[in-house]
Each structure stands twice: as C-alpha cells, then as structure tokens.
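Understanding the architecture of this molecule
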Amino acid sequence: MYHIRLMPPVDIDATVIANTRLSRDYSVLSLAAPEVGKRTAPGQFVMVKPVGVTDPLLRRPFSVFEVLRDASGTITGISILNKRAGRSTRKLYDLEPGDVVSCLGPLGLPFKPVVAPMEAWMVAGGVGLAPFATLAESLAASRTPATLFYGARTAEELFYLDFFERLGITLVVTTEDGARGTKGRVTIPLEAALKDVGASVAMVYACGPEPMLEAVAKLAARYQQPSQVSVERVMGCGLGGCYSCVVPVKHGNEEANLVRSCISGPVFDGAELVWPSTSLRPRD
Amino acid sequence: MAQDLSVSIGSLTLPNPLIAASGCFGYGLEYEQVVDLSLLGGVVSKGLFMKERQGHPPPRIVETPAGMINAIGLQGIGVHRFVKDKLPLLNKAGARTFVNVCGTTLDEYVEVCKVLSQADGVAAIELNISCPNIKEGGIQFGCSLNGTFDVVSAVRKATHLPVIPKLTPNVTDVASFARAAEDAGADAVSLVNTFLAMAIDVETRRPKISNVLGGLSGPAIRPIAVRMVWECYQLVKIPIIGMGGITDARDAIEFMLAGATAVQIGTQNFVDPFVWSKVLDGLNDYMTRHKVEKLRDLIGAFDPTPPKAVHA
C-alpha cells in the first residue's frame, strides 16, 4: 500500500560534501549521492563505510536524514545523522570534505504515510531523530497535521529544531537534565497528549533506543492509536542475505517469527513487534 | 582471443567459477534486484533441514579485524517450502542452484536429499557437515573421518545429483577429510567453512554474540583457507570449491592456483553486493594480461619455487 514505488538500491562511491559537527558526538555527514537521494522514501536507510578499507569491513546502516537539493531544487545527495558510538561511527565522525564513502541504498521499507484528518505524531529519542526530517517534509507537503516529540540527553543535543519549525511541525521537547522542555523521558509528554485524544486520531511514528520504542508502542496501543516503529539492529548486509538483523514479529495469533529488519523493516507495525525483545547492542 | 571461464564439477559445467556461498546470499532471490543471478557460476542456498528453524537470538554477528564472527544458527524455511516457494523462482531467474543440506541425523540428510532429487532444477547438493554454530548441525559428522565417510556414502546412494560435502577447517588435517569424502563417492568438496571463534566485550565481560561461539569469516581467514585448499589439492583428485575471504579477482585466482576448480564468495557479498561483476571483469583482465585462454588452466598452476629475495 505504498504510494511510492520502491526503487532498487544503487551503490555509489560518494564524496563527502560536508561533515557538520553538531556536538562532540553528533555530526551530519552530507554525501554526493544524487541517485540515492532521488530514490529515497522517508524511513529508508543506506549502508555506509569509508571506501576501500577492511577496518571497518562491513558497512553500517543509517537512516537517510536529509535529501539534499541545490538552489534550483535538483537533488544532489543525502545526509546521515551520525552519532559516535564505536569504531566505525568514530571514523565517519572524523571524515572531511573530499573523503569518499561507499553508500548503498536506499534500502528497506519506508514509513507508511497518513493524511489528514489523521494526525502524525513522530517520537524521536536521540539519534532516532534521523528518519523524521524526510517524513516531516512529506507530511508538510501533504498538509498532514504533525507533531514531533523529541527527547535528548541535554539541550545541546536537540538538533534541527528550526528545520522542523519551518515545516510547521509542532515541537514537544524533553531533556534528561531538564535544561530545555520537560525534564525526563519523551514518553512523559507523549502519554499526556495521548490521554487527551480519542482513539485512532494519530499515527504514532517512533525511532530511538529499543526500550523507548517498546514504551511508545505500548502507550500507543493502550490509547488505541496505530504505531509504526523504526528499529535498529546490528546489520551485516542490508539486503536480506545474512539474517543477522532479525526481530521477533507476531501476526495475530500466529507464533512469533524472527524477521529480517533490513527487508521486512526497518519500519514495523508497533503492535506486531514482540516486546521486550532480545538485547540490542549499540552500533559499533 | 576468446576467453573461456567455464569450469566443470563432475557432470556439471558452470559458465564461470564464481559461486555465492551458503548463508551469505539468503535464498538468492533477495539479490535479484542488484545481481543477474544467471551471470553467476552458481548460487548456494542457505542451509536447509527438513523443517523450519528459528536460529539463535540476536546479536548474531560481530565484526572483528578484517572479518566477522557469526552464529545465525541456521534459521531457515525447511526443504519443502524451499522447493515450493524459492526453487521455481531461482529457475526462472536462470540461477544454477546448489542446495546446502543440513541434518541432525544421517537419516535427515538422506531424506532432504531425496526431496531435492525429485525437485526440478537443483544443480547440486552441498552437504553441510561443518556448521560450527549448532550442536546438532552436522559438525559431529564433519569432525570425524568415519562420520564424513558414512554421511557422504548414504547421500551418494540416495541421489543422482552431484554431492559436494562442505568441510570444516576446525580439524587437524582437513585433507584427510577430503580424502574420506572422495572415497565415499563425493563429486567434489567445498572448503572452508568458518573457523570457530569468539569475541568478548571487555567492558561488560560478556560475549559479543548471543551464542558465545561463532564462525570467523572474511579476509582474516584467507591465507589459512588457501593453505587448506592446497593441502587438499595434493591429496584428492575430485574438484575443490575453495572459499575463505575472497574479495576480488586476485583472491579468486589465488584459490584456483592453489587447486580450486571454482570459488565461493560469502562475506564480501555483505560488504559489496555488486562484487560479482567486478570479479568477473578482474578475471577477464588477468586472463588478458597473462594470455590465459581457458581459466581452468590455472587450477593448481601454483609454482612452489621460492620467491626471489626482495631488498627494501
């Protein structure tokens, strides 16, 4: 039921246009990969690594953060939101313009869009902001009422707020230290908002740490809203070949099956994922 | 000069020696959107038992220096669903389909092979007697010379298809296992499966994958795999399908010089799903530069004369 026909992925040795450090840990890595940008639907991902090295050997999955355009509107590439967590993400953080990365994509199933009168509530935790910039653009284009619930560790790690405001997205932010917005987890204002609305008012989209996804999916179910969550698992290939990125999924009364999040996800119906899922390791 | 990349494994002729390794290529169909499956010498399916298997809980892989450790646990759809849902599509795509066969007992290997023998379009059977990740995954056959002989003999009697046992490197002398397989009537052997390995998270002191132990693959293992192919080549007459960390045409040629008739690419397909056309181009280029008309002339063409001393 996708409105956009999914295109096959391409593999591009993409030149780094810019690597904008947003903080000590976060950067936005902009890549000259117009063919990937043209094919991307919100929620899809790319597999990335520095070109021609065996350390790291495998690529790492990243949501497409922005589809980049020049002044005339022509698509020039994509960006990814990178958070330093391990060897590979540290190397990506340190890249400079002119460096080259292997970029395979777009991959995976995108978010299923909603249109008014249904609302779109996006729930982002930390680097889980990544898939929502393109989704917000498509929601704005279809004039779907949209809210972003966005939680970060500190005020300094709340990024791109202007970007979402310019699109007319309602912003609700939380920080763990309370320096900006509500103090605590993003699920606090989300639950408050859920209490105030009737059933099936909003599609709840979520991306972030797995405990947050579990909490959001359960809240959405409790308040009778549909949900779509974007999961992040350790992934080897991104194309369904290696079976490393599986998540337990349950349809109706069937037994749970381990399903590849690269080709059957990364976006899943929050009601069909089995919680609590097995351990999730940070990206290395 | 017309270049001939074809190779023969028993009664089977492949247009080129490049085969997608089991467990690294799904059921092949996952890759149809990026690779023309008919251009590959062959495609080996994920390992199949009679019944479906869920495999191990994640995390199932961890990256290590120039390699990766996996313990997927042979998640799979079972042979019947494979024959019904996947094989017709593989045939339609023009793939030469090798099916990796698993068993918890000797009887199960035989039964799975019988099902495949009656199916339309199976090119060969790769007998998985070497998965390091599950206790009942055939390693008890693959780590015993008698066990290897017995399971290959039993399957040999049950099918007309080429039988290719896949050997484990986790033994003292892999060549003796190749000999046991040959004696039992194998048409070829493939080697190596992954090296049993483990990785510990020193911060948490816990294993990096859920199964604790897993199989190491990737460029890190290539020199050991080349050595093992060379050892087998000196002991057996049946064709050898070599694998272990092949990333490009030079690596593939190295295995052929050591005695491999064909090669499998596994981990590199994760790194670069477009690897196949690059390796084919590289083989053509090598043949041009070295005036090789038939690629199969390189099989075992290794010259053991010591290299000249090189002074830096």
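Not measured: the values here are computed from a predicted model.

Let's shift gears to the overall build of chain B. Each helix and strand in chain B was counted, giving 9 helices and 16 strands. A compact globule built from 312 residues would reach a C-alpha radius of gyration of about 20 Å, and chain B, at 19 Å, matches this within 12%. For chain B, the spread of C-alpha atoms along the principal axes amounts to about 50 × 50 × 40 Å. Buried residues in chain B amount to 56% of all 312 residues. The long-range fraction of contacts in chain B, counting pairs at least 24 apart against all pairs at least 6 apart in sequence, stands at 71%.

Take the overall build of chain A next. When helices and strands are tallied, chain A shows 6 helices and 16 strands. Whereas a compact globule of 284 residues would reach a radius of gyration of roughly 19 Å, chain A reaches 18 Å, a difference of no more than 12%. By its C-alpha atoms, chain A is 50 × 45 × 35 Å across when sized along the principal axes. Of the contacts formed within chain A by residues at least 6 apart in sequence, a portion of 66% connects residues at least 24 apart.

Right, let's get into helix 1 (residues 78-92) of chain B. Residue and element names in this part refer to chain B. Compared with an ideal rise of 1.5 Å per residue, which puts 15 residues at 21 Å, helix 1 spans 21 Å between its outermost C-alpha atoms and is within 8% of the ideal. Along helix 1, the largest kink reaches about 40 degrees and is centred on Lys86; proline Pro88 follows within four residues of it. Among the residues of helix 1, those classed as buried are Val79, Phe82, Lys86, Leu87 and Leu90. Following helix 1 by one or two positions, Gly94 has its phi on the positive side, about 80 degrees.

We now examine the confidence of the model for chain A. Per-residue pLDDT for chain A averages 93, and the proportion of residues at 70 or more is 95%. A low-confidence stretch, residues 277-284 of chain A stays under pLDDT 50, and its non-local contacts, those more than four residues away or across chains, total 21 contacts.

With 29 residues of chain B at the contact, the number on the chain A side is 26 residues. Of all the secondary structure elements, the ones that give two or more residues to the side of chain B that touches chain A are strand 5 (61-64), strand 6 (67-70) and helix 8 (267-271) of chain B.

On to the domain arrangement of chain A. Residues and elements named next belong to chain A. Along its sequence, chain A is carved into domain 1 (10-107) and domain 2 (119-232). Just the C-alpha atoms count here: the centres of domain 1 and domain 2 sit 24 Å apart. Each side of the interface is counted separately: domain 1 has 14 residues, and domain 2 has 12 residues. Of all the elements in the fold, those that place two or more residues in the side of domain 1 that touches domain 2 are strand 4 (60-63), strand 5 (66-69) and strand 6 (75-83).

Time to look at the environment of His56(B). All names here are of chain B. Mapped onto the elements of the fold, His56 is located in the loop between strand 4 (42-44) and strand 5. Judged by the 23 C-beta atoms lying within 10 Å of it, His56 falls in the buried class. Separated by 148 residues in sequence, His56 and Thr204 have C-alpha atoms that sit 21 Å apart. Sequence-distant contacts of His56, defined by excluding residues within four places in its chain, comprise Ala71, Ile72, Gly73, Ser210 and Asn211.

Residue and element names in this part refer to chain B. Remark: helix 7 (residues 249-257) packs on helix 9 (residues 275-289), axes separated minimally by 8 Å, with the N-to-C direction vectors making an angle of 65 degrees. As for the relative orientation of helix 7 and helix 9, their crossing is right-handed in sense. Residues Ala249, Ala252 and Ile253 of helix 7 form the contact with helix 9, whose own contacting residues are Val279, Gly282, Leu283 and Tyr286. Of the residues that constitute the contact of helix 7 with helix 9, the class distribution is 6 nonpolar, 1 polar and no charged.

Next up on the list: the sheet that holds strand 7 (residues 100-107) of chain A. Picture the strands of a sheet paired through backbone hydrogen bonds; they go either parallel or antiparallel. Residue and element names in this part refer to chain A. Spatially, 7 strands are ordered 4-3-7-1-2-6-5 in an open sheet, and the strand pairing comes out antiparallel. Both edges of this open sheet fall to strand 4 and strand 5, since each of them pairs with a single strand only. With strand direction ignored, the average angle separating the axes of adjacent strands in the sheet is 40 degrees. Direction of pairing for strand 5 relative to strand 6: antiparallel, over a ladder of 4 bridges.

Glancing now at the nonpolar core. One finds Val46(A), Met122(A), Val216(A), Val229(B) and Val263(B) to be the most contacted residues of the largest nonpolar core, which totals 188 residues. Two domains each provide a minimum of three residues to this core, namely domain 1 (10-107) and domain 2 (119-232) of chain A. Those residues in contact with Val263(B), other than ones at most four positions away along the chain, are Pro17(B), Leu18(B), Ile19(B), Ile241(B), Gly242(B), Met243(B), Ile246(B), Ala252(B), Phe255(B) and Met256(B).

The next thing to look at is the sheet that holds strand 5 of chain B. Residues and elements named next belong to chain B. If you walk across this open sheet you meet the 4 strands as 5-6-14-11, and the pairing is antiparallel. In this open sheet, the two edge strands, each paired with only one partner strand, are strand 5 and strand 11 (195-198). The sheet shows a mean angle of 40 degrees between the axes of neighbouring strands, direction not considered. Inspection of the sheet shows strand 5 paired to strand 6 by 4 bridges, in the antiparallel sense. What sits directly across from Val62, in strand 6, is Ile69.

All names here are of chain B. The residue Pro304 is located in the segment after helix 9 in this model. With 5 C-beta atoms counted inside 10 Å, the residue Pro304 sits in the exposed group. In this structure, the C-alpha to C-alpha distance between Pro304 and Ala258, residues 46 residues apart in sequence, is 10.0 Å.

Residues and elements named next belong to chain A. Look at helix 5 (residues 187-195) against helix 6 (residues 210-222): their axes get within 10 Å of each other, and the N-to-C directions meet at 10 degrees. The angle between helix 5 and helix 6 places the two elements in the roughly parallel class. Facing helix 5, whose interface residues are Thr187, Leu190, Glu191 and Leu194, helix 6 presents Ala215, Val216 and Leu219. Looking at the contact of helix 5 with helix 6 residue by residue, the class counts come to 5 nonpolar, 1 polar and 1 charged.

So, about helix 6 of chain A. Residues and elements named next belong to chain A. Under the 1.5 Å per step criterion, the end-to-end length of helix 6 is 18 Å for 13 residues, consistent within 8% with the ideal 18 Å. The complete set of buried residues in helix 6 reads Glu210, Met212, Leu213, Ala215, Val216, Ala217, Leu219 and Ala220. Buried-residue contacts for helix 6 involve strand 8 (119-125), helix 5, strand 12 (202-207) and strand 13 (227-230). Once helix 6 finishes, Gln224 follows within two positions and takes phi at roughly 60 degrees, a positive value.

Once that is clear, we can look at unusual backbone geometry. Between Gly265(A) and the following residue, Pro266(A), the backbone shows a cis peptide bond with an omega angle of 10 degrees. The residue after Leu191(B), namely Val192(B), is reached through a cis peptide bond having omega 10 degrees. Within the fold, Val192(B) resides in the loop between strand 10 (189-191) and strand 11. A positive phi angle, close to 60 degrees, is found at Tyr160(A), a residue other than glycine. If you trace the backbone, Tyr160(A) turns up in the loop between strand 9 (146-152) and helix 4 (161-166). A tally of 19 C-beta atoms within 10 Å means that Tyr160(A) is categorised as partly exposed. For Val212(B), which is not a glycine, the phi torsion comes out positive at approximately 70 degrees.

What counts and what doesn't
Residues numbered from 1 in each chain as written. Chains lettered and ligands numbered in written order. Predicted model: local features only at pLDDT ≥ 70, side-chain atom pairs only at ≥ 80, totals over all residues. Helix = DSSP H or I, 4+ residues; strand = E, 2+ residues; numbered from the N terminus. Rg over C-alpha atoms; globule rule 2.2 N^0.38 Å. Buried ≥ 20, exposed ≤ 12 C-beta atoms within 10 Å, placed from the backbone. Contact = placed C-beta atoms within 7 Å. Expected span 1.5 Å × (residues − 1). Bend = angle between axes of the 7 residues up to and from the residue. pLDDT = per-residue confidence, 0-100. Domains from an automatic or database assignment. Axes fitted to C-alpha atoms, helices over the stretch in contact; angles between N-to-C directions. Left-handed = near helix turned anticlockwise from the far one by under 90°. Nonpolar A, V, L, I, M, F, W, Y, C, P; charged D, E, K, R; others polar. Pairing = 2+ DSSP bridges. Core = buried A, V, L, I, M, F, W, Y, C linked by C-beta atoms within 7 Å. Parallel < 35°, antiparallel > 145°, perpendicular 65-115°, else oblique.

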